[in-house]
Amino acid sequence: MQIPLKVIQSSGIVLRDDAKIESAPVSSDDFLKLAAGKRIFLLSVNLEGIGLSRRLSALGMKVAAFLDSRFAGQKRHGVDVIDPNQYFEMLDLNNDLLIICTKDRQWKRGFLERAANSGLQRYVNLFTPLDICRFFPTIEIEGKCNLQCKTCDMGLPSANKGRGHMSHALFTEVLSKMLTEIPLMNSLALYTWGEPLLNPDIAKIVRSCREHGVACEVSTNLDFHKYLDEFLLAEPDQIVAPCAGVGARYERGRTGGSWDNYLAGLYRIAEIKSKHNLDYNVRIMYHLYNDNLYEDLDYMLQLSKELGFSLIPIVAHIFPGQVYQYAVNRQEIPEVMRQASEHLIFSLDDQLAYCQTIKDSKCHIINAFPTVTWDAKVLHCCNMQRPLVGGGVDFRQTSLEDLIAMRNGSPFCTKCMNHGVHRFFDVNVKIDEESGDRRVVRL
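Rules and cut-offs
Counting restarts for each chain, with residues numbered from 1 along the sequence as it is written. Local features in this predicted model are restricted to residues of pLDDT 70 or higher, and side-chain atom pairs are both shown and tallied only at a pLDDT of 80 or more, whereas totals for entire chains, interfaces and linings draw on every residue. The side-chain quantities take in all heavy atoms of the structure and omit both hydrogens and water. A run of DSSP states H or I qualifies as a helix once it reaches four residues; a run of E qualifies as a strand once it reaches two. Both are numbered from the N-terminal end. Each radius of gyration is computed over the set of C-alpha atoms, and the globule rule expresses the reference value as 2.2 Å times the number of residues to the power 0.38. Using a 1.4 Å probe on the protein chains alone, a residue whose accessible area is under 20% of its type maximum counts as buried, one over 50% counts as exposed, and one in between counts as partly exposed. Per-residue and other accessible areas follow the Shrake-Rupley method at a 1.4 Å probe size, with only the shown protein chains counted as cover for residues. Charge convention: Lys and Arg are scored as positive, Asp and Glu as negative, and His as well as the terminal groups of each chain are ignored. Think of each charge as sitting on NZ of Lys, CZ of Arg, CG of Asp or CD of Glu. The term salt bridge refers to a pairing of a side-chain nitrogen on Lys or Arg with a carboxyl oxygen on Asp or Glu at a separation within 4 Å. Here a pair means two rings of Phe, Tyr or Trp (six-membered ring of Trp) with centres within 6.5 Å. Their orientation is stacked below 30 degrees between planes, edge-to-face above 60, and tilted elsewhere. The axes used here are C-alpha line fits, helices contributing only the stretch in contact, and every angle between their N-to-C directions lies in the interval 0 to 180 degrees. Any angle that is under 35 degrees is reported as roughly parallel, and any over 145 degrees as roughly antiparallel; angles of 65 to 115 degrees are reported as roughly perpendicular and all others as oblique. The contact definition used throughout considers only heavy atoms, calling two residues in contact when any of these lie within 4.5 Å. Polar here means any residue other than Ala, Val, Leu, Ile, Met, Phe, Trp, Tyr, Cys and Pro, which are nonpolar, and Asp, Glu, Lys and Arg, which are charged; Gly is therefore polar. Only strands joined by at least two bridges in the DSSP assignment are considered to pair. The definition of a right-handed crossover adopted here requires that, viewed with the strands pointing away, the path from the first strand over the helix to the second runs clockwise.

Details of the overall build of the protein chain
- In terms of regular secondary structure, the protein chain is built from 17 helices and 16 strands.
- For 443 residues, the compact-globule estimate of 2.2 N^0.38 gives 22 Å, and the C-alpha radius of gyration of the protein chain, at 22 Å, lies within 12% of that figure.
- Once the C-alpha set of the protein chain is aligned to its principal axes, its extents read approximately 60 × 55 × 45 Å.
- Counting all 443 residues of the protein chain, 56% fall into the buried class.
- With the model as given, the accessible surface of the protein chain reaches about 19200 Å², and the carbon-plus-sulfur share is 47%.
- Between the centroid of the 50 positive side chains of the protein chain and the centroid of its 53 negative side chains there is a distance of 3 Å.

What follows is the structure, encoded as structure tokens:
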């Protein structure tokens, strides 16, 4: 394919090497040769671990066990789970292959060190998912959203105009090509800007993922329940249910949404899971604002425990597309987003100033590629609605190699990173508590 000249010209900007998508240290073919005949163990029953279990099975390999103390003694997704300590006592250096799938940075470092000290060798019989596949792809099955959250681009006027949903037939085309080009992709997100549960084909789409040996994650606002039951019965691997507080604070953060609908949706997810003995993870991503750190958070922690879900506190931010225009092109932030900034723990300008102090650090979402839109275009960045790779080429008709070349040849990521915008939406934080006071600390 002839790459358009406008894509590879850098407008005088020196392109940063760390703004480019790179190949994994170990190719798919080489990994499959190394793994042949080995006892394969996956540390963590998370989306990445579940996904690798599915893909390896689809490629004719068998996972011996998950390592996860939370579920030791159980069987998850058809695979036995043992305690990591038990595994290291029975480790067989000649026959084992271990993949550290946990996303927690401290746990990952700790287990990589422990495995190496036990005699396992990186890139030989010790891996992380990124060692064998650098892609965390997305297929946006729904382009429209039923909410108008003020921190999100979909809360801007006419955000839904010209957008639609992806049919099951189109999804199958996109997924089939993706698996041909990325055989070891460990999971697939089925969302970006739209609300997935608006798509009437969502249950078919989830079943197609399972049939192809792909673990899928769906994030939903749980405000529209028409297809909820059939979606749950199709058994997605991970459901994400964002929350912005309780009652009126929830409805302010999830603008246009109903707290009662959200709560009913959570209970329905738990009910269907229990009734049909389904095996999916549920994460409540709790968006921290300056006024929901106490009673609301405690209520949601208790509710998540009651329902058997996990709750992960993350800091609320404005989505970075408009922040990019503000920082790079000096365009004003839309007023509705300025209003939302009043309730953020870190204001827009404070967060941007902080990010500019760490602008030389890596982009934490650079590997979330390809992100295929509902109409089969490819986003340059999973967190921004524009630009489109190659001006809007069709994913089905463009090789992954060409898509990467067009993306890597664009100055867009370099401009973003030079202004620190790539770290603006880093939502990972911890909550320090002392004498009843809670303080949110960036990680």
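What to know about the pattern of salt bridges
- Using the criterion set out here, one finds 26 salt bridges in the structure.
- Among the ionic pairs, Arg 268 bridges to Asp 229, the shortest N-O distance being 2.5 Å. Here Arg 268, found in helix α11 (residues 259-275), pairs with Asp 229, found in helix α9 (residues 228-233); they are 39 residues apart in sequence, far enough to count as distant.
- Overall, Asp 229 belongs to the partly exposed group, its relative accessible area being 28%.
- Shared partners join several salt bridges into a network, and the residues in it are Arg 54, Arg 210, Glu 235 and Asp 237.

Quick notes on the packing of aromatic side chains
- Scanning the entire structure with this criterion turns up twelve aromatic pairs.
- With a centroid separation of 5.9 Å and an interplanar angle of 65°, the aromatic rings of Phe 224 and Tyr 227 are classed as edge-to-face.
- Here Phe 224 falls in the partly exposed class, since its relative accessible area comes to 29%.
- For Tyr 227, a relative accessible area of 14% corresponds to the buried category.

Section: the packing of α11 against helix α12 (residues 295-307)
- Running from amino to carboxyl end, α11 crosses α12 at an angle of 25°, the nearest separation of the two axes being 10 Å. Compared by their axis directions, α11 and α12 come out roughly parallel. Of α12, the residues touching α11 (which contributes Trp 259, Tyr 262, Leu 263, Leu 266, Tyr 267 and Ala 270) are Tyr 299, Met 300, Leu 303, Glu 306 and Leu 307.
- A class-by-class count of the residues in the contact of α11 with α12 yields ten nonpolar, no polar and one charged.

Quick word on the pairing of strand β5 (residues 96-100)
- Most of β5 sits out of view: five of its five residues are buried.
- What you see with β5 is no split at all: Asp 96, Leu 98 and Ile 100 on one side and Leu 97 and Ile 99 on the other are buried throughout.
- In the sheet, strand β1 (residues 39-43) pairs with β5 via five bridges, with the strands oriented parallel. Note that in β5 the partner of Leu 42 across the bridge is Ile 99.
- The sheet contact formed by β5 and strand β6 (residues 126-127) spans two bridges and is parallel. When the bridges of β6 are listed, Ile 99 appears paired with Phe 127.
- For the crossover that starts at β5, traverses helix α5 (residues 105-117) and ends in the parallel β6, the hand is right-handed.

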